[in-house]
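Coordinates in review
Read off the chains here:
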There are 2 protein chains.
Amino acid sequence: MSDRHIVKSYDRDLEAIQALIMKMGGLVEAAILEAAQSLENRDEELAEKVRKGDKSIDALEERVNEEAARLLALRQPSAGDLRTVLTVMKIGANLERIGDYAKNMAKRTGVLVQMTPIEGSAGAIRRMAMAVEAMLKDALDAYIQRDPELAQDVRLRDHEVDQMYNALFREFLTFMMEDPRNITACMHLHFIAKNIERMGDHVTSISEQVIYLVTGEMPEDDRPKADRTAVDVPGF
Amino acid sequence: MSDRHIVKSYDRDLEAIQALIMKMGGLVEAAILEAAQSLENRDEELAEKVRKGDKSIDALEERVNEEAARLLALRQPSAGDLRTVLTVMKIGANLERIGDYAKNMAKRTGVLVQMTPIEGSAGAIRRMAMAVEAMLKDALDAYIQRDPELAQDVRLRDHEVDQMYNALFREFLTFMMEDPRNITACMHLHFIAKNIERMGDHVTSISEQVIYLVTGEMPEDDRPKADRTAVDVPGF
């Protein structure tokens with residue numbers, strides 16, 4: 001077998017793994033939007049679909065890991081190719097976690113439909129979810145196109161998601177203080193908001209992987225800090 | 001260079017990486033306990049130490065990944081050795097996440113010391129943290145000793161942590177309903193409890209990696225389900 005032959009098989013294997021990642025990405029993007037939609041429309045059927053759909057996402061991640069391990073063992077890639085394979089595995093892990101958060105969100109929808117709605121909250125959460133979904137789409141585009149500038153842009157947009165989260169956190173607190181009967185619903189909504197904020201962190205991590213893959217360096221920690229509620233909310 | 005020579009260098013490299021993982025494990029264990037202790041004693045200085053200490057944990061994870069990538073590229077290990085290297089990287093990622101949760105906990109301590117304490121909560125949280133720290137210690141022992149039975153034992157113990165979390169969740173809700181002035185503190189405490197519960201999930205993941213490493217199979221999902229608040233708390 002000639003060297004060229006080996007190189008070609010490696011490329012084909014890598015492309016197959018990337019196709020799995022893209023498929024995962026598509027499922028995860030849909031899960032984010034559908035989880036938010038099921039909450040807004042109090043649609044238990046759609047929430048159930050999201051919950052069940054997470055199994056396919058998990059199965060794809062497992063396939064990504066198996067194929068990547070097989071590729072590493074058989075093709076013994078060079079340093080650069082090795083970095084690509086490891087990046088793909090990390091992106092797979094990030095996508096799987098985002099899928100988990102969407103599933104958790106859909107679970108809470110099943111609970112929240114039984115409670116009095118908190119005014120305006122479902123719309124605000126949908127907007128947050130849409131922002132994260134758009135970020136994810138761009139992060140995966142940045143990966144496929146090996147575009148570190150687009151990846152950097154995604155990183156910076158995570159700040160907006162953090163701001164949306166902080167605003168919601170404060171809003172839920174006032175609802176709870178106004179009427180203790182809102183407390184349980186607000187706790188669940190707060191968790192959902194926090195989960196979307198964490199999805200944003202995982203999308204940021206994907207973007208950083210892309211930057212590392214192309215430039216060989218992890219970006220400096222110049223992006224604005226995530227969830228501030230741990231440090232600056234006590235004042236109100 | 002003889003084959004035996006290559007094998008020996010590989011073993012030495014792997015041992016060096018494992019030593020880094022053990023060092024990480026020690027720092028993470030200490031961070032968990034100190035974060036809980038700083039909350040219980042309202043000790044801002046200790047909380048600050050935990051927050052700052054997370055940088056060393058992150059730096060160690062980076063070194064684990066670099067060394068593992070270097071080992072993969074230079075030594076081109078066989079399927080079994082490859083599995084070990086990938087496992088080490090995953091354990092490193094889990095430890096890094098647990099460290100993040102401890103840091104987040106310590107951040108909230110800085111906030112909580114400014115509020116009226118919620119009776120009994122800090123002790124309950126310390127007990128949860130101690131349970132997770134003991135699990136982590138055993139999971140890392142199971143890794144070093146390649147002991148799938150100990151790893152399986154750790155997995156099952158995660159159920160107790162989940163139960164502690166569920167009990168605390170309900171307790172915080174009653175405190176909030178009793179007096180709206182408790183709401184902010186309880187939200188932070190609730191987050192801390194949730195973070196410890198998530199640490200437990202990461203320890204479980206380490207245990208599952210150990211089982212996979214030794215037996216070649218991921219354990220069946222026979223362990224009791226984690227956080228139930230998303231599904232069965234609405235009733236109260």
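Every value quoted in this text rests on a predicted model; they were computed, and no experiment measured them.

1. Some thoughts on the pattern of salt bridges
Pairing of side chains with opposite charge becomes possible as their charged atoms draw close. All names here are of chain A. The full count for this structure, using the stated rule, is 25 salt bridges over all chains. Notably, a salt bridge pairs R157 with D153, separated by 3.1 Å at the nearest N-O pair. Residue R157 and its partner D153 are both found in helix 5 (residues 148-178); the two are separated by 4 residues, about one turn of the helix. Judged by its relative accessible area of 36%, D153 falls in the partly exposed class. Linked by salt bridges that have partners in common, E48, R51 and K52 make up one network.

2. Overview of the packing of helix 5 of chain A against helix 6 (residues 183-215) of chain B
For the pair helix 5 of chain A and helix 6 of chain B, interaxial distance at closest approach is 10 Å and the crossing angle is 130°. In terms of orientation, helix 5 of chain A and helix 6 of chain B fall into the oblique class. Judged by the twist between their axes, the crossing of helix 5 of chain A over helix 6 of chain B is right-handed. Between helix 5 of chain A, through A:Y165, A:F169, A:L173, A:M176 and A:M177, and helix 6 of chain B, the contact on the second element is made entirely by B:I183, B:T184, B:M187 and B:F191. Residue composition of the contact of helix 5 of chain A with helix 6 of chain B, grouped by class: 8 nonpolar, 1 polar and no charged.

3. Notes on the interface of chain B and chain A
Put simply, an interface is often sized by how much accessible area is lost when its parts join up. Taken together, the 40 residues of chain B in the interface contact 40 residues of chain A. For the chain B and chain A pair, buried surface summed over both sides reaches about 3500 Å², with 68% attributable to carbon and sulfur atoms. Counting across the chain B and chain A interface gives 0 salt bridges. The interface formed by chain B and chain A contains 0 residue pairs in polar contact (both at pLDDT 80 or more). Elements that contribute at least two residues to the side of chain B that touches chain A include exactly helix 2 (44-75), helix 3 (79-112), helix 5 (148-178), helix 6 and helix 7 (229-232) of chain B. Sort the elements by how many residues they give to the side of chain B that touches chain A and helix 6 of chain B lands first, with 10 residues. Residues belonging to the side of chain B that touches chain A are distributed by class as follows: 23 nonpolar, 9 polar and 8 charged.

4. Considerations on the UniProt feature "domain: PhoU" (unreviewed entry) in chain A
Residues and elements named next belong to chain A. Under the local residue numbering, the UniProt record ascribes the feature "domain: PhoU" (unreviewed entry) to residues 21-109 and 125-210. Helix and strand shares over residues 21-109 are 93% and 0% respectively, and the end C-alpha atoms of the span are 27 Å apart. Structurally, residues 125-210 comprises 92% helix and 0% strand, and the distance from its first C-alpha atom to its last is 28 Å.

Each value, and the rule that gives it
- Residues numbered from 1 in each chain as written.
- Chains lettered and ligands numbered in written order.
- Predicted model: local features only at pLDDT ≥ 70, side-chain atom pairs only at ≥ 80, totals over all residues.
- Heavy atoms only, no water.
- Salt bridge = Lys/Arg side-chain N within 4 Å of Asp/Glu carboxyl O.
- Helix = DSSP H or I, 4+ residues; strand = E, 2+ residues; numbered from the N terminus.
- Buried < 20%, exposed > 50% of the residue type's maximum accessible area, 1.4 Å probe, protein only.
- Axes fitted to C-alpha atoms, helices over the stretch in contact; angles between N-to-C directions.
- Parallel < 35°, antiparallel > 145°, perpendicular 65-115°, else oblique.
- Left-handed = near helix turned anticlockwise from the far one by under 90°.
- Contact = heavy atoms within 4.5 Å.
- Nonpolar A, V, L, I, M, F, W, Y, C, P; charged D, E, K, R; others polar.
- Buried area = accessible area lost by both parts, 1.4 Å probe.
- Polar contact = N/O pair within 3.5 Å; in protein donor to acceptor, adjacent residues only side chain to side chain.
- UniProt positions renumbered as here; feature names shortened; annotations may be inferred.

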